[in-house]
Amino acid sequence: KNHFFGGTQNDGLKFYTSGNIKKIEIPKNLINENFISLNVNEKGELFAGNFSGEILIYKDNQFKKIKLDESSWIRKNLFFGDKILTISDQYFWINFKDKKNITVGHSLESLKNACKISDSIALLSTINGIYKLNVLSSKTKKLNFLKERVSKIIPINNNDSYIITA
């Protein structure tokens with residue numbers, strides 16, 4: 001609908017429409033309004049993840065809160081048909097259930113971002129490279145990539161991606 005949404009770190013959600021910036025009035029005490037991620041699904045629902053492990057789902061002035069893990073920063077929501085992949089600093093969920101992680105030795109891998117590359121595959125960027133995740137099976141596989149921090153992956157096609165490293 002020609003709207004652009006923006007999240008703030010302590011001032012809720014805003015959207016730009018018809019040359020104006022407006023605040024979305026979220027019901028008081030519903031959710032911590034320190035947002036870190038915004039994603040919109042095929043139905044036009046806005047998914048706003050925060051620094052408190054919560055996701056606000058918003059459409060047509062209707063609000064729903066999902067609470068996952070209060071120590072997690074919700075970095076990304078990706079949509080695969082009837083499945084929703086949620087990425088936080090150390091965990092991922094499919095349809096907000098069955099919290100999973102990637103371990104390296106005895107430590108949890110630090111997840112930074114994710115992108116969808118097919119109907120069932122996501123690439124997860126971490127501080128130690130890239131993992132491929134099958135959202136149907138929840139299985140991960142480390143890709144043959146340098147052991148360095150990957151902050152962003154932007155797919156070009158099924159075989160190629162742009163990658164930002166630190």
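Look a little higher up for the structure.
### Considerations on the environment of Gly 53
Tracing the chain through its elements places Gly 53 in the loop between β5 (46–50) and β6 (54–59). Sequence separation of Gly 53 and Asn 113 is 60 residues, and the distance between their C-alpha atoms is 15 Å. With residues near it in sequence (within four places) discarded, Gly 53 still touches Ile 66, Lys 67, Leu 68, Asp 69, Glu 70, Ser 72 and Ile 74.

### Thoughts on the sheet that holds strand β4 (residues 35–40)
By way of backbone hydrogen bonds, the strands of a sheet pair with one another, either parallel or antiparallel. Spatially, 4 strands are ordered β4-β5-β6-β7 in an open sheet, and the strand pairing comes out antiparallel. Pairing within the sheet leaves two strands with one partner each, and these edge strands are β4 and β7 (62–67). Shown here is a sheet whose adjacent strand axes are inclined to one another by a mean of 20 degrees, direction ignored. Of the pairings in the sheet, the one linking β4 to β5 comprises 5 bridges and is antiparallel in character. Bridge assignment links Ser 37 to a residue of β5, and that residue is Gly 49.

### A short note on the nonpolar core
Ranked by size, the top nonpolar core spans 14 residues in total, and within it Leu 85, Ile 87 and Leu 124 carry the most contacts. Residue assignment for this core shows that the elements contributing at least two residues are β8 (74–80), β9 (83–88), β10 (91–94), β14 (111–116), β15 (121–126) and β16 (129–134). Setting aside chain neighbours within four positions, we find Leu 85 in contact with Lys 76, Asn 77, Leu 78, Phe 80, Phe 92, Trp 93, Ile 94, Ala 122, Leu 124, Leu 133 and Val 135.

### Describing unusual backbone geometry
For Asp 60, which is not glycine, the phi dihedral falls at a positive 50 degrees. Here Asp 60 shows up in the loop between β6 and β7. The exposure class assigned to Asp 60 is exposed, which follows from its relative accessible area of 55%. Of note, Asn 95 is a non-glycine position whose phi angle comes to about 55 degrees, a positive value. With respect to the element layout, Asn 95 can be found in the loop between β10 and β11 (97–101).

Conventions and cut-offs
For every chain, the first residue of the written sequence is number 1, and numbering continues from 1 along that sequence. The model is predicted, so local features are restricted to residues of pLDDT at least 70 and side-chain atom pairs to those at 80 or more, both for listing and for counting; the totals for chains, interfaces and linings are taken over all residues. Excluded from the side-chain calculations are hydrogens and water; all other atoms, namely the structure's heavy atoms, are used. Under the scheme used here, helices are H or I runs from DSSP no shorter than 4 residues and strands are E runs no shorter than 2 residues, and both carry numbers assigned from the N terminus. Any two residues having at least one pair of non-hydrogen atoms within 4.5 Å are treated as being in contact. Pairs of strands are assigned from DSSP output, requiring at least two bridges between the strands. Interaxial angles span 0 to 180 degrees and are taken between N-to-C directions of axes, which are lines fitted to C-alpha atoms, for helices over the stretch in contact. For the purposes of this section, nonpolar cores are sets of buried Ala, Val, Leu, Ile, Met, Phe, Trp, Tyr and Cys residues that join through side-chain atoms within 4.5 Å. The classification of residues rests on relative accessible area computed with a 1.4 Å probe and restricted to protein chains. Under 20% of the type maximum is buried, over 50% is exposed, and intermediate values are partly exposed.

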